[in-house]
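Below are the chains, spelled out letter by letter.
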Amino acid sequence: QVQLVESGGGLVQAGGSLRLSCAASGRTFSIYVMGWFRQAPGKERESVAAVTWSDGSTYYADSVKGRFTISRDGAKNTVYLRMNSLKPEDTAVYYCAAARATNKSQYEYWGQGTQVTVSS
C-alpha cells in the first residue's frame with residue numbers, strides 16, 4: 001500500500017503563488033506516476049498535472065500550462081506542484097494521486113486533499 005499526504009493549500013490573492021506538496025510513504029518503490037487532480041464545487045474532478053518517476057516526463061492540463069510546474073524529489077518520495085499566477089477559477093480541493101507500475105493507467109492511491117482558495 002501507498003499513503004499520500006498533501007500539504008500547502010491555503011488562501012491566496014489572484015496573481016499569487018502557492019506550492020503544494022505530496023509526501024508518499026509505504027510501498028513507494030511501486031509507484032510509476034504521480035499526479036495532481038482538483039475538484040471545484042459542482043464540477044467533476046479533473047487532472048491538473050502528472051510526472052513519471054522513471055524519467056520525469058510531465059503532463060499539464062491546458063488550463064494550467066505556463067503557470068503550474070510539477071516536480072518530484074525521489075529521495076524524499078515527494079511530489080510538488082508550484083502554482084503561479086493563480087486565478088479565482090483555480091479554487092478547488094487539490095488531490096495527490098499515484099499509480100503503480102503494475103497498473104499504470106489506474107490512480108488507485110489518493111491523498112485526503114488540500115483546499116486552495118484564490119480570491120479576486
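Preceding this section is the structure that the text describes.
Residues numbered from 1 in each chain as written. Predicted model: local features only at pLDDT ≥ 70, side-chain atom pairs only at ≥ 80, totals over all residues. Heavy atoms only, no water.

Visitor: Hey, could you run me through the environment of Gly26 in this one?
Guide: Of note, Gly26 is situated in strand β3 (residues 18–26). Taking C-alpha positions, Gly26 is 4.8 Å from Val2, a pair spaced 24 residues apart along the chain. Those residues in contact with Gly26 that lie beyond four places of it in its chain are Gln1 and Gln3. (Helix = DSSP H or I, 4+ residues; strand = E, 2+ residues; numbered from the N terminus. Contact = heavy atoms within 4.5 Å.)

Visitor: Teacher, can you tell me more about the state of the cysteines here?
Guide: Cysteine pairs can be linked by a disulfide, which is a covalent bond between their two sulfur atoms. One pass over the structure, following the stated rule, counts one disulfide. Here Cys22 is linked by a disulfide to Cys96, with a sulfur-sulfur distance of 2.1 Å. Its S-S torsion of about -85° marks the bond between Cys22 and Cys96 as left-handed, since a negative value means left-handed. Within this pair, whereas Cys22 is found in strand β3, its partner Cys96 is found in strand β9 (residues 92–100), the two being separated by 74 residues in sequence. When sorted by exposure, Cys22 lands in the same class as Cys96, which is buried. (Disulfide = S-S within 2.5 Å. Buried < 20%, exposed > 50% of the residue type's maximum accessible area, 1.4 Å probe, protein only.)

Visitor: Would you take a moment to explain unusual backbone geometry for this structure?
Guide: Leave glycine aside and you will find that most residues have negative phi; peptide bonds, for their part, are mostly trans. A positive phi angle, near 50°, is found at Asn77, a position not held by glycine. Unusually for a residue other than glycine, Ser85 sits at a positive phi of about 50°. Note on placement: Ser85 falls in the loop between β8 (78–83) and β9. Among the residues examined, Ser85 registers a relative accessible area of 41% and is labelled partly exposed.

Visitor: Can you walk me through the pairing of strand β5 (residues 46–52) in this structure?
Guide: Remember that side chains alternate between the two faces of the sheet whenever the strand is regular. Burial within β5 is extensive, with five of its seven residues counted as buried. Adjacent in sequence and paired antiparallel, strand β4 (residues 31–39) and β5 are bridged by six residues, among which Gly42 carries a positive phi angle near 75°. Judged from the three bridges that link them, β5 and strand β6 (residues 58–60) form a sheet pairing that is antiparallel. For Ala50, the partnering residue across the bridge sits in β6 and is Tyr59. Here β5 hands over to β6 after five residues, with Gly56 in that stretch at a positive phi of 75°. (Pairing = 2+ DSSP bridges.)

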